[in-house]
Amino acid sequence: MTTFDADGLTLHEVEANVWELERDDGMDVPARVFANEDLLEHIKDDRTLSQLRNVACMPGAVAPALCMPDGHQGYGFPVGGVAAFDAEDGCISPGGVGFDINCGVRMVKTNLTYEDVRGREEELVEALFDAVPCGLGGGGVHDGNHTDLEKALERGVDWCLEEGYAVREDLEHCEDEGMRPDADPDAVSKKAKDRGASQMGSLGSGNHFLEIQRVTDVYDDETADAFGLAEDQLVVLIHCGSRGLGHQVCSDYLRRIEQEHPEFLEELPDKDLAAAPAGSEVAEDYYGAMCAAINFAWVNRQLITHAVRETFADVFDASWQDLEMDLLYDVAHNIAKRETHDVYVTEDGYSLDGDGGRVERDLYVHRKGATRAFPAGHPEVPKAYRDVGQPVIIPGSMGAGSYVLKGGDGSLDRSFGSTAHGAGRLMSRTQAKDEYWGGDVADDLREQNEIYVKAASGSTIAEEAPGVYKDVDEVVGVSDDLGIGDLVVRTFPVCNVKG
DNA sequence: ATGTCC
């Protein structure tokens, strides 16, 4: 059997692109990495694998702890991690969701082609840059107050509909229809709300961006047709999260868990895993606050969508409806969710693939830097896509393509209905700033790739240089080979507004 | 990711 040694641990290749960390005495369940050997090389020297092993030791872990092909080391849990814990006697972990709650991405379609925008990239980017607040700090598309914020936290995109920032079809083309009903605004601190009120409809910083892209390749004609995507079509990708509000919710609950459950923390292999026992008051409060932050992030992306539609209408002198700027889909990348899954009880604990006795379990499924990828026929896939599978949007780096996949038939048996979320970082932000200078990166993109980039700060461009990321082609290739998310189309950047 | 430490 092929093995791969990394981070002081040994992986065994149990089938093509599936590497297992065998269960040792400390682990409740085995752990698995979905990757090829090139991708494994990238996690050889960081803490990804030991972090994944730690996740497999957590109370109530069900079936394997998983790392997607774009995985890398994170805070407590690896980014690219998928982990399910029993919702009755397991746990929920802010570290398993991440600081940027419901960081995610949506794709807005247009009926324009690359020819329509060619030569007007600078004009379009300047107009978008003026219309969508970006970078660190306050300011948003909607001049928020606390009354609006409460409604946004409670109702998500449904609030945008009432305010004229959304149409009914936007809700129908969003994961969870843009609203988590379990949201509990009372569980969100005043400090978090203060930060959120001034950031309603803002891009933020880091890897967040607004990008105009063109469809360059169609791999699956039938599904592309169902998604309304065709070669040469212009689309808009909006990638952002819950800004300071989500960050504050995460920080608040990490502190509360430390204060209220020190004995529970003590038993975890790493304090950064910071889980709350299922059923405890803090677990319920965190779930309610996290769901409110999820709603906030959806409102954020919807408000930006509104601003993008108005900007396109201005620049191209036509209404956004005439430009057919409909939402393809909006997916969350950093969330935990109560979901019911079929699992199988085996001698070794649990499996997902039908070996053993079937039981239905209520779980907290954590997707941290991972995308839900439900297959055709699943009741939570919107009606428009029920026959083909949900759209899965995977952004690449600034200089690389992005992909639209469809939820694969293998995703429920392999990964709790999940796949990768992006290219995945190769190096830290600090290291990136040593290796690159923002101005040079932007010049290279313009001269070599004809991609026009405008950013709030030069150092952000350096931190996000294409060379800082893995090869997204390899990431989606593994997803497609495993049948957890299947290739539909590839896009390539035309111009980009960076936070 | 993030008013990159209240």
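Residues numbered from 1 in each chain as written. Chains lettered and ligands numbered in written order. Predicted model: local features only at pLDDT ≥ 70, side-chain atom pairs only at ≥ 80, totals over all residues. Heavy atoms only, no water.

Named according to an unreviewed UniProt entry, chain A is tRNA-splicing ligase RtcB originating from Halobacterium litoreum. As its UniProt record puts it under Sequence similarities (unreviewed entry), chain A is described as follows: "Belongs to the RtcB family." One UniProt comment on chain A, placed under Subunit (unreviewed entry), says "Monomer." (UniProt positions renumbered as here; feature names shortened; annotations may be inferred.)

Structural notes on the overall build of chain A
When helices and strands are tallied, chain A shows 17 helices and 21 strands. For 499 residues, the compact-globule formula gives about 23 Å, and the C-alpha radius of gyration of chain A, at 21 Å, lands near that figure. Evaluated residue by residue, chain A yields a buried proportion of 63% over its 499 residues. Across chain A, the fraction of contacts at a sequence separation of at least 24, relative to all contacts at a separation of at least 6, is 78%. Per element, the accessible surface of chain A, about 17900 Å² overall, is 41% carbon and sulfur. Within chain A, one finds 43 positive and 96 negative side-chain charges whose respective centroids are separated by 4 Å. (Helix = DSSP H or I, 4+ residues; strand = E, 2+ residues; numbered from the N terminus. Rg over C-alpha atoms; globule rule 2.2 N^0.38 Å. Buried < 20%, exposed > 50% of the residue type's maximum accessible area, 1.4 Å probe, protein only. Contact = heavy atoms within 4.5 Å. Areas by Shrake-Rupley, 256 points an atom, 1.4 Å probe, with all protein chains shown as cover. Lys, Arg positive; Asp, Glu negative; His and termini not counted. Charge placed at Lys NZ, Arg CZ, Asp CG, Glu CD.)

Some points on the protein's contact with DNA strand B
Around DNA strand B lies a shell of 15 residues, among which Arg195, Ser205, Gly206, Asn207 and Arg429 are the nearest. Of all atoms in DNA strand B that approach within 4 Å of the protein, 62% are sugar or phosphate atoms. With respect to DNA strand B, the side chain of Arg243 contributes an N or O atom lying 3.0 Å from a phosphate oxygen. The dominant element in the surface near DNA strand B, judged by the number of residues it contributes, is helix H10 (residues 243-260), at 3 residues. Of the residues that constitute the surface near DNA strand B, the class distribution is 2 nonpolar, 8 polar and 5 charged. (Near = heavy atom within 4 Å. Polar contact = N/O pair within 3.5 Å; in protein donor to acceptor, adjacent residues only side chain to side chain. Nonpolar A, V, L, I, M, F, W, Y, C, P; charged D, E, K, R; others polar.)

Concerning the sheet that holds strand S13 (residues 334-346)
Pairing is mixed across the open sheet formed by 9 strands, whose spatial order is S1-S2-S3-S4-S5-S6-S15-S13-S14. Only two strands of the sheet have a single partner each, and these edge strands are strand S1 (3-6) and strand S14 (349-351). Strand-to-strand twist across the sheet, computed as the mean angle between neighbouring axes with direction ignored, equals 35°. Running over the sheet, helix H2 (residues 48-55) touches S1, strand S2 (9-15), strand S3 (18-21), strand S4 (31-34), strand S5 (61-72) and strand S6 (79-86) and is turned about 160° from S5. Across the sheet, helix H12 (residues 281-316) lies against S13 and strand S15 (357-368), angled at about 120° from S13, the strand it touches most. (Pairing = 2+ DSSP bridges. Axes fitted to C-alpha atoms, helices over the stretch in contact; angles between N-to-C directions.)

Re a negative patch on the surface
Side chains of Glu37, Asp38, Glu41, Asp45, Asp471 and Asp473 sit close together on the surface and give a patch of like negative charge. Ranked by residue count, the leading element in the negative patch is helix H1 (residues 37-41), at 3 residues. Its place among the elements puts Asp45 in the loop between H1 and H2. Given a relative accessible area of 75%, Asp45 falls into the exposed group. (Patch = residues over 30% accessible without salt bridge, like charges linked within 9 Å, V, L, I, M, F, W, Y side chains within 5 Å. Salt bridge = Lys/Arg side-chain N within 4 Å of Asp/Glu carboxyl O.)

Digging into the UniProt feature "binding site: Mn(2+) 1" (unreviewed entry) in chain A
Residues given the UniProt feature "binding site: Mn(2+) 1" (unreviewed entry) here are Asp100 and His208. The greatest C-alpha distance among the annotated residues, which extend across 109 residues, is 10.9 Å, indicating that they converge on a single site. Position of Asp100 among the secondary structure elements: in the loop between strand S7 (91-92) and strand S8 (104-113). Judged by its relative accessible area of 18%, Asp100 is buried. In contact with Asp100, other than residues within four places in its own chain, are His208, Gly241, Ser242, Arg243 and Asn334. Within the secondary structure layout, His208 lies in the loop between helix H8 (190-197) and strand S9 (209-218). Sequence-distant contacts of His208, that is, excluding residues within four places in its chain, are made with Asp100, Cys103, Leu203, His239, Cys240, Gly241, Lys498 and Gly499.

Observations regarding the environment of Cys240
Examined against the element boundaries, Cys240 turns out to sit in strand S10 (residues 233-240). Counting along the chain gives 135 residues from Cys240 to Val105, while the straight-line C-alpha distance between them is 6.6 Å. Here Cys240 is in contact with Asn102, Cys103, Gly104, Ser202, Leu203, His208, Asn300, Arg301 and Ile304, once residues within four sequence places are set aside.

A look at the packing of aromatic side chains
Aromatic ring pairs are defined here through the distance separating the ring centres and the angle between the ring planes. Under the criterion given, the structure shown has 10 aromatic pairs. For the ring pair Phe77 and Phe85, a centre distance of 6.4 Å and an interplane angle of 80° mean the geometry is edge-to-face. Judged by its relative accessible area of 2%, Phe77 falls in the buried class. Owing to a relative accessible area of 1%, Phe85 belongs among the buried residues under this scheme. Taking the centre distance of 6.2 Å and the plane angle of 45° together, the rings of Trp159 and Tyr165 count as tilted. Residue Trp159 shares its accessibility class with Tyr165, and that shared class is buried. Put simply, the rings of Phe227, Tyr329 and Tyr385 pair up and form one aromatic cluster. One cation-aromatic arrangement involves Lys44 over Phe4; the distance from NZ or CZ to the ring centre is 5.0 Å. A cation over an aromatic ring shows up here: Lys454 above the ring of Phe129, its NZ or CZ 4.7 Å from the ring centre. (Phe/Tyr/Trp six-rings, centres within 6.5 Å; stacked < 30°, edge-to-face > 60°. Lys NZ or Arg CZ within 6 Å of the ring centre and 35° of its normal.)

Observations concerning the side chain of Asn17
Within the secondary structure, Asn17 sits in the loop between S2 and S3. Setting aside its immediate chain neighbours within four residues, Asn17 contacts Val33, Phe34, Ala35, Asn36, Val478, Asp481 and Leu482.

Section: the nonpolar core
Membership of the largest hydrophobic core comes to 120 residues, with the highest contact counts inside it found for Val33, Val249, Met290 and Phe416. The element best represented in this core is H12, accounting for 14 residues. Look past the residues within four positions of Met290 in its chain and what remains in contact with it is Val97, Ile101, Val249 and Ala336. Judged by nonpolar contacts, the second largest core, of 30 residues, contains Leu203, Trp320, Tyr452 and Val497. (Core = buried A, V, L, I, M, F, W, Y, C linked by side-chain atoms within 4.5 Å.)

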